[in-house]
Amino acid sequence: MKKSFLFISCQEAKHICDKSQYDEATGWERLKLGIRLIWCKFTKSYSKNNNKLTAAMQKSEVKCLKSNERKSLQKNFKEELTKRQ
Amino acid sequence: MPKHQIDPNNWIKLYSDYLFNYTIMRVSDREIAKDLVSETFLAGLKSMVNFKGEASERTWLISILKRKVIDHYRKINSNKGKAEVRMRYNNDTEAEGDWLEERVADPFDKTAEDTLVNSELGDAIYDCLAKLPEKQAEVFKMKTILGYDTETICNELNITPSNLWVIIHRARTALADCMKKNWF
């Protein structure tokens, strides 16, 4: 078996880890990440913090405006601001 | 000299999401939350002369928003009260007493404490998001909070998927570091 099949760089592992936070990593990518997680403490630490961040985002249930909503808010506000200046 | 300066030109960019999150946690309705945030900015604009600079702009705007939320509840409570007098839980006499079981508190339901923790966690997240470069914060919010797919974000912001993942990576690294210091 070629080494490059299963062994990935730290950078690639972080990229897969990011993608897996959004369920966008493939099974094959998750396998490669899993192997790297066994022995690489840097990947492990990154993955741990990344998972914590995802859990915090889900727990907090934070919301934000959609870009069209923000644009509309900006437009109305700008009109009012211009009137006052 | 006042500690904080006021500059309404940046209000929407800097505080709209924070105020919106604050509001929606209290009113649970997207449209009402948007209206209240908009009213807050306009009220802030009208009373800019009263800004003494002792608190930050964000704190000052939140104090206006709090009054708007209270006013909103005052308005709907007067209507809600009338509706509740007329409301009966169950008109079926044979089912009388069933309400006891149905109305018992759900132990898995959110408590006030959970809501408070979530609200504080939300504040911590927004404090960390405010430290990110504008583009990173925007992409992160679209991907993580709004749940847009990669293609939609790339089309809207005119970036490539690899650009997007680089931005997401930088944003997540910075946010995780910030949250580690302030929350985890």
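Only a predicted model underlies this, so the values are computations on that prediction, with no experimental measurement involved.

Procedures and definitions
- Residues numbered from 1 in each chain as written.
- Chains lettered and ligands numbered in written order.
- Predicted model: local features only at pLDDT ≥ 70, side-chain atom pairs only at ≥ 80, totals over all residues.
- Heavy atoms only, no water.
- Axes fitted to C-alpha atoms, helices over the stretch in contact; angles between N-to-C directions.
- Helix = DSSP H or I, 4+ residues; strand = E, 2+ residues; numbered from the N terminus.
- Parallel < 35°, antiparallel > 145°, perpendicular 65-115°, else oblique.
- Left-handed = near helix turned anticlockwise from the far one by under 90°.
- Contact = heavy atoms within 4.5 Å.
- Nonpolar A, V, L, I, M, F, W, Y, C, P; charged D, E, K, R; others polar.
- Disulfide = S-S within 2.5 Å.
- Buried < 20%, exposed > 50% of the residue type's maximum accessible area, 1.4 Å probe, protein only.
- pLDDT = per-residue confidence, 0-100.
- Lys, Arg positive; Asp, Glu negative; His and termini not counted.
- Salt bridge = Lys/Arg side-chain N within 4 Å of Asp/Glu carboxyl O.
- Polar contact = N/O pair within 3.5 Å; in protein donor to acceptor, adjacent residues only side chain to side chain.

## Details of the packing of helix H5 (residues 67-84) of chain A against helix H2 (residues 30-46) of chain B
Then comes step 1: One can describe the packing of H5 of chain A onto H2 of chain B by two numbers: an axis separation of 11 Å at closest approach and a directional angle of 20°. As summarised for this structure, H5 of chain A and H2 of chain B are arranged roughly parallel, according to the angle between their axes. As for how H5 of chain A packs across H2 of chain B, the hand of that crossing is right-handed. Packed against H5 of chain A, whose contacting residues are Glu69, Leu73, Phe77, Glu80, Leu81 and Arg84 of chain A, the element H2 of chain B presents Arg30, Lys34, Val37, Ser38, Phe41, Leu42, Leu45 and Lys46 of chain B at the interface.
Then comes step 2: Broken down by class, the residue content of the contact of H5 of chain A with H2 of chain B amounts to seven nonpolar, one polar and six charged.

## Description of the state of the cysteines
Then comes step 1: Under the definition given, this model contains one disulfide over all chains.
Then comes step 2: One disulfide in the model links Cys128 of chain B with Cys178 of chain B; its S-S distance is 2.1 Å. Handedness of the Cys128 of chain B-Cys178 of chain B disulfide follows from its S-S torsion of about -80°: it is left-handed. Separated by 50 residues along the polypeptide, Cys128 of chain B in helix H5 (residues 112-130) and Cys178 of chain B in helix H8 (residues 161-182) bring together distant segments of the chain.
Then comes step 3: Relative accessible area serves as the criterion here: at 11%, Cys178 of chain B is assigned to the buried category.
Then comes step 4: Between Cys10 of chain A, a free cysteine, and Cys40 of chain A, which holds the nearest cysteine sulfur, the sulfur-to-sulfur gap is 4.2 Å.
Then comes step 5: Of the residues examined, Cys10 of chain A reaches a relative accessible area of 21% and is grouped as partly exposed.
Then comes step 6: By relative accessible area, Cys40 of chain A is classed as buried at 5%.

## A word on the confidence of the model for chain B
Should the pLDDT be low somewhere, the predicted coordinates at that spot are not to be read in detail.
Then comes step 1: Confidence in the prediction of chain B, expressed as mean pLDDT, is 84, and 80% of residues score 70 or more.
Then comes step 2: In the predicted complex, the global pTM is 0.79; the interface-specific ipTM is 0.87.

## Remarks on the side chain of Asp18 of chain A
Then comes step 1: Of note, Asp18 of chain A is situated in helix H2 (residues 10-21).
Then comes step 2: Among buried Asp, Glu, Lys and Arg side chains, Asp18 of chain A stands out as unpaired, with Arg172 of chain B the closest opposite charge at 4.3 Å.
Then comes step 3: Here Tyr46 of chain A takes part through its side chain, which lies 2.6 Å from a polar atom of the side chain of Asp18 of chain A.
Then comes step 4: For Asp18 of chain A, the contacting residues outside a window of four places in its chain are Tyr46 and Asn50 of chain A together with Trp165, His169 and Arg172 of chain B.

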